[in-house]
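# Survey of secondary and tertiary structure
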Amino acid sequence: MSEASFGTSPKPPSRSLRTVGIAAAVVAVGVVGVGIAARSHTEGRLAAWTEAQSTPTVAVIHAKRAAATAALTLPANLQAINSAPIFARTSGYVRKWYVDIGDPVRAGQTLAVLDAPEVDQQLVAARADLETARANQQLAASTAARWRNMLAKDAVSKQETDEKVGDLAAKTAVTNAARANVSRLTYTQGFTRLIAPFAGIVTSRSTDIGALVTAGTAASTPLFTVSDVRRIRAYIRVPQSYSAQVRPGMHVTLTLPEYPGRTFDATLTRTAGAVEQSSGTVLVQVEASNMDRALKPGAYAQASFPVAGTSGAVALPASALIVGESGTQVAIAGTDGKAHLRTIRIGQDHGATVEVSSGVTPRDHVIDNPPDSLADGDGVVVQKASSR
């Protein structure tokens, strides 16, 4: 054998290895480039989609002419023509009470009697002080008379006589003060009897026998409440647009949910004659006879005024309203592709719909269910109406 047959195998040439490396690098660069291009394309699509989503798509509606109504119906809360909370004017304990809720009472009738031993003792002491003051006054009066007689005979000096007359005046003032104190305590003792100020019914009682009561203030709970329900009154806020049509003497119809199908005739007796700026309404008072006691103080009612509808008013669904710090507004989709907020005035609220007296016309494109974040000048896309 020759030496060549026993030698090592020949190595691959270095040029082939270099070629393989370059090819791998090219492939890697290509893969990275394709990934970057795909990611850039995806980010571009995402940015375009996000920008499109930032502009809300809204549905628009048109306001409709409000139907002419023969009556204006507004909420009302009924009140007694007179209602008096009865407080204790003196401190003491409840000895006995004579009436309970629902009982009719007449003017001057005793509702309860209190025991006030402190006031009784103070009155006894005041009367004793008055007797002492009267005795001192009588002695000073006789002394002053004697000294005047002696002064006429020049038996005493004028200075001494003036002193006796001045002492009489001082004793007379003390007597008058003692008499006034007795009168005050006598009246205070009379307050131990709680009486009804007028005829009516007892609508509340918050005391019992043996309960300690103190001289009442406006913040304390009344022992009784007496209400005159022979007549019922109600205060109602009428929108400004109807205020010119309501006047004293007008007949108003009251309806209550507990009397379906029944109406109660009331008369408008007073009007404030001024528009409240915060609500744009005029306060009026109506009164109704209630001899059968069907109308109860505190009840909810609806008052119907015989007035004509507001001219030029339009109707909108309540879902189109925006209520905020700027008042009640609607969003109008303009021809420039932007939303414009417009303040409106509500003439009458029907619940699901409202009657708008100013601020919008049937030609306006009103946005229904506007987004909460919608601001004046924001861009909007008007949703196309579906064709059927």
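Residues numbered from 1 in each chain as written. Predicted model: local features only at pLDDT ≥ 70, side-chain atom pairs only at ≥ 80, totals over all residues. Heavy atoms only, no water.

An order of β2-β15-β20-β19 is seen for the four strands of this open sheet, with the pairing classed as antiparallel. Every other strand in the sheet has two partners, leaving β2 (64–65) and β19 (345–349) as the edge strands with one partner each. (Pairing = 2+ DSSP bridges. Helix = DSSP H or I, 4+ residues; strand = E, 2+ residues; numbered from the N terminus.)

Let's shift gears to the packing of aromatic side chains. Taken as a whole and assessed by the stated rule, the structure comprises one aromatic pair. Between Y259 and F264, the ring centres sit 5.7 Å apart and the planes meet at 65°, which makes this aromatic pair edge-to-face. Classification of F264 by relative accessible area gives buried; the value is 8%. Between the NZ or CZ atom of R89 and the centre of the ring of F191, over which it lies, the distance is 4.6 Å. Above the ring of Y259, the side-chain terminus of R262 is found at 5.5 Å from the ring centroid. (Phe/Tyr/Trp six-rings, centres within 6.5 Å; stacked < 30°, edge-to-face > 60°. Buried < 20%, exposed > 50% of the residue type's maximum accessible area, 1.4 Å probe, protein only. Lys NZ or Arg CZ within 6 Å of the ring centre and 35° of its normal.)

With that settled, the discussion passes to helix α2 (residues 117–152). With 36 residues, α2 should reach 52 Å at 1.5 Å per residue; the first-to-last C-alpha distance of 53 Å fits that figure. Every buried residue belonging to α2 is among V119, L123, A126, L130, A133, A140, T143, A144 and W147, and all of these are buried. Lining the buried residues of α2 we find α3 (158–190). (Expected span 1.5 Å × (residues − 1). Contact = heavy atoms within 4.5 Å.)

For the rest of this paragraph, the subject is the pattern of salt bridges. With the rule as written, the count across this model stands at 10 salt bridges. Two residues, R230 and D228, come together in a salt bridge whose shortest N-O distance is 3.0 Å. Its salt-bridge partner being E287, residue R231 comes within 3.4 Å of it at the nearest N-O pair. Separated by 56 residues along the polypeptide, R231 in strand β10 (residues 224–239) and E287 in strand β13 (residues 281–289) bring together distant segments of the chain. We classify E287 as buried; its relative accessible area is 15%. (Salt bridge = Lys/Arg side-chain N within 4 Å of Asp/Glu carboxyl O.)

Take the environment of F305 next. The topology assignment puts F305 in strand β14 (residues 300–305). C-alpha separation for the pair F305 and Q245, spaced 60 residues apart in sequence, amounts to 9.1 Å.

What follows concerns unusual backbone geometry. Positive phi, normally seen in glycine, also occurs at D154, with a value near 60°. Here D154 lies in the loop between α2 and α3. Given a relative accessible area of 68%, D154 falls into the exposed group. In this model, R293 sits at a positive phi of 60°, which is unusual for a non-glycine residue.

Between α2 and α3, whose axes approach to 7 Å, the crossing angle comes to 160°. The angle between α2 and α3 falls in the class roughly antiparallel. Along this stretch, α2 crosses α3, giving a crossing that reads as left-handed. Across the contact of α2 with α3, the residue classes break down as 16 nonpolar, 11 polar and 11 charged. (Axes fitted to C-alpha atoms, helices over the stretch in contact; angles between N-to-C directions. Parallel < 35°, antiparallel > 145°, perpendicular 65-115°, else oblique. Left-handed = near helix turned anticlockwise from the far one by under 90°. Nonpolar A, V, L, I, M, F, W, Y, C, P; charged D, E, K, R; others polar.)

What follows is about the side chain of T188. Looking at the secondary structure, you find T188 in helix α3. Relative accessible area serves as the criterion here: at 17%, T188 is assigned to the buried category. Here R184 takes part through its backbone oxygen, which lies 2.9 Å from a polar atom of the side chain of T188. Aside from chain neighbours lying at most four places away, what touches T188 is T90 and V119. (Polar contact = N/O pair within 3.5 Å; in protein donor to acceptor, adjacent residues only side chain to side chain.)

Bringing the confidence of the model for the protein chain into the picture now. Taken as a whole, the protein chain shows an average pLDDT of 83; of its residues, 82% reach a score of 70 or greater. Considering each helix and strand of the protein chain separately, the mean pLDDT is smallest for helix α1 (residues 14–54), with a value of 63, and largest for strand β5 (residues 104–105), with 94. In the predicted structure, residues 1–8 sits below a pLDDT of 50 and forms one contact with residues beyond four places in sequence or in another chain. (pLDDT = per-residue confidence, 0-100.)

Moving on, we get to the sheet that holds strand β6 (residues 110–115). Neighbouring strands of a sheet are bound in pairs by backbone hydrogen bonds; such pairs are parallel or else antiparallel. Taking strand neighbours across the sheet as the criterion, the four strands line up as β7-β6-β4-β9 in an open arrangement whose pairing is antiparallel. Strands at the two margins of the open sheet, each flanked by one partner only, are β7 (193–195) and β9 (212–213). One ladder, built from two bridges, connects strand β4 (residues 92–97) with β9; its direction is antiparallel. When the sheet's bridge partners are listed, Y93 is paired in β9 with L212.

Below, the discussion takes up the pairing of strand β20 (residues 353–358). Both strand β15 (residues 314–317) and β20 contribute to a ladder of four bridges, which runs antiparallel. Residue pairing for β20: P317 is matched across the bridge by T353. As judged from the four bridges shared by β19 and β20, these two strands associate in the antiparallel manner. Looking at the pairing, R345 lines up with S358 of β20. Connecting β19 to the antiparallel partner β20 that follows it, the hairpin turn spans three residues, and G351 within it adopts a positive phi of roughly 95°.

The end-to-end C-alpha distance of α3 is 48 Å, a good match for the 48 Å that 33 residues give at a rise of 1.5 Å each. Taken residue by residue, α3 has T161, L168, T175, A178, V182, L185 and T188 as its buried positions. In this structure, the buried side of α3 is in contact with α2.

Membership of the largest hydrophobic core comes to 28 residues, with the highest contact counts inside it found for L78, I236, V238, V246, L268, V284 and F305. Contributing elements (two or more residues each) for this core: β3 (72–86), β10, β11 (251–255), β12 (264–276), β13 and β14. Setting aside chain neighbours within four positions, we find L268 in contact with V246, R247, P248, G249, M250, V252, V284, Q285, V286 and F305. Listed in part, the 17 residues of the second largest apolar core include A88, V202, F224 and V226. (Core = buried A, V, L, I, M, F, W, Y, C linked by side-chain atoms within 4.5 Å.)

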